[in-house]
Amino acid sequence: MTGDVTVISGPTAVGKGTLVAALASAHPEVLVSVSATTRPPRPGEVDGTHYHFVSDAAFDELIACDGLLEWASVHGDTRYGTPRAPVESAVAAGRRVILEIDLQGARQVKQRLPGVRTIFILPPDRQALEDRLRTRGTESDAEIVRRLQTADYELTCVDEFDHVVVNDDLGEAVAELVRLIGLSD
Ligand code: 5GP
């Protein structure tokens, strides 16, 4: 499978979800992959839209039947993965595809799809991450500490990516993504 696939990664609470949602609503021709996850939904999250929320057993089954293009345990025991079939159908139909996944997933996709484009989203500064995470209020203190530790490691791996976009101003960051992915305004 080749095709035009873009991986977007970045530390927790950097605003990847907001950026990708803005991009998707301006460019419905792009397929944004919906990941499977074993974590429970946050308030407002819709099954099949934000994630496919699945049990551990169902996730095991997806792995066993080679149904995932990549998967990783992120933030402890929670598993996240990219369902393979929708990505393959979109690529076969000539659609551009975006995967919003973590660093471990980005590394796997780079191995499996050598032509993939990889973009890392950076916060304006480290404090902005912590502030956003605390303001979001969806994680416990222990979970916040764990997510910030992961973020600190991920920030050291930015050189593995083809491009870097700083998410300071939402509109500017989306415009930069549109340019990097080669979409028309
Ligand atoms: P959250 O629980 O905040 O929605 O996401 C936590 C992390 O999981 C984020 O860094 C996000 O990029 C990552 N993630 C979401 N979906 C996938 C996926 O399908 N594969 C991988 N490897 N990571 C994912």
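So, here is what we can say about the structure in this document. Remember, predicted model here, so these are calculated numbers, not experimental data.

What counts, and where the lines are drawn
- Residues numbered from 1 in each chain as written.
- Predicted model: local features only at pLDDT ≥ 70, side-chain atom pairs only at ≥ 80, totals over all residues.
- Heavy atoms only, no water.
- Helix = DSSP H or I, 4+ residues; strand = E, 2+ residues; numbered from the N terminus.
- Rg over C-alpha atoms; globule rule 2.2 N^0.38 Å.
- Buried < 20%, exposed > 50% of the residue type's maximum accessible area, 1.4 Å probe, protein only.
- Contact = heavy atoms within 4.5 Å.
- Lys, Arg positive; Asp, Glu negative; His and termini not counted.
- Charge placed at Lys NZ, Arg CZ, Asp CG, Glu CD.
- Axes fitted to C-alpha atoms, helices over the stretch in contact; angles between N-to-C directions.
- Left-handed = near helix turned anticlockwise from the far one by under 90°.
- Nonpolar A, V, L, I, M, F, W, Y, C, P; charged D, E, K, R; others polar.
- Near = heavy atom within 4 Å.
- Polar contact = N/O pair within 3.5 Å; in protein donor to acceptor, adjacent residues only side chain to side chain.
- Areas by Shrake-Rupley, 256 points an atom, 1.4 Å probe, with all protein chains shown as cover.
- Pairing = 2+ DSSP bridges.

1. Looking at the overall build of the protein chain
(1) Moving on: Of regular secondary structure, the protein chain possesses seven helices and nine strands.
(2) Moving on: Taking 185 residues into account, the globule formula puts the C-alpha radius of gyration at 16 Å, and the protein chain, at 16 Å, falls close to it.
(3) Moving on: Among the 185 residues that make up the protein chain, the fraction classed as buried is 46%.
(4) Moving on: Here the contacts in the protein chain between residues at least 6 apart in sequence split such that 68% fall between residues at least 24 apart.
(5) Moving on: For the protein chain, the distance from the average site of its 18 positive side-chain charges to the average site of its 29 negative ones is 1 Å.

2. Considerations on the packing of helix α1 (residues 16–26) against helix α7 (residues 170–181)
(1) Moving on: Running from N to C, α1 and α7 point in directions that differ by 65 degrees, and their axes come no closer than 10 Å. As for how α1 packs across α7, the hand of that crossing is right-handed. Each of Thr18, Leu19, Ala22 and Leu23 in α1 lies in contact with α7, whose residues at this interface are Leu170, Ala173, Val174, Leu177, Val178 and Ile181.
(2) Moving on: Looking at the contact of α1 with α7 residue by residue, the class counts come to nine nonpolar, one polar and no charged.

3. With respect to the site of the ligand
(1) Moving on: Taken together, 17 residues form the shell around the ligand, and within it Ser35, Arg39, Tyr51, Tyr80 and Glu100 come nearest.
(2) Moving on: Arginine 42 is positioned with one of its side-chain polar atoms (N or O) 2.8 Å from an oxygen atom of the ligand.
(3) Moving on: The side chain of aspartate 102 places a nitrogen or oxygen atom 2.8 Å from a nitrogen atom of the ligand.
(4) Moving on: Out of a free accessible area of 520 Å², the ligand has 94% covered by protein chains.
(5) Moving on: Residue assignment for the shell around the ligand shows that the elements contributing at least two residues are β5 (68–73) and β6 (79–83).
(6) Moving on: Element by element, the count of residues in the shell around the ligand is highest for β6, at three residues.
(7) Moving on: Looking at the shell around the ligand, its residues break down into five nonpolar, five polar and seven charged.

4. Some details on the sheet that holds strand β9 (residues 163–166)
(1) Moving on: In spatial order, the strands read β2-β7-β1-β8-β9; together these five strands make up an open sheet with parallel pairing. The open sheet has two edge strands, β2 (31–32) and β9, and neither has a second partner.
(2) Moving on: In this structure, strand β1 (residues 5–9) lies alongside strand β7 (residues 97–100), joined through four bridges in parallel fashion. Following the sheet pairing, isoleucine 8 is matched in β7 by glutamate 100.
(3) Moving on: Set on the sheet, α1 makes contact with β1, β2, β7 and β8 (117–122); between it and β7 the angle comes to about 165 degrees.

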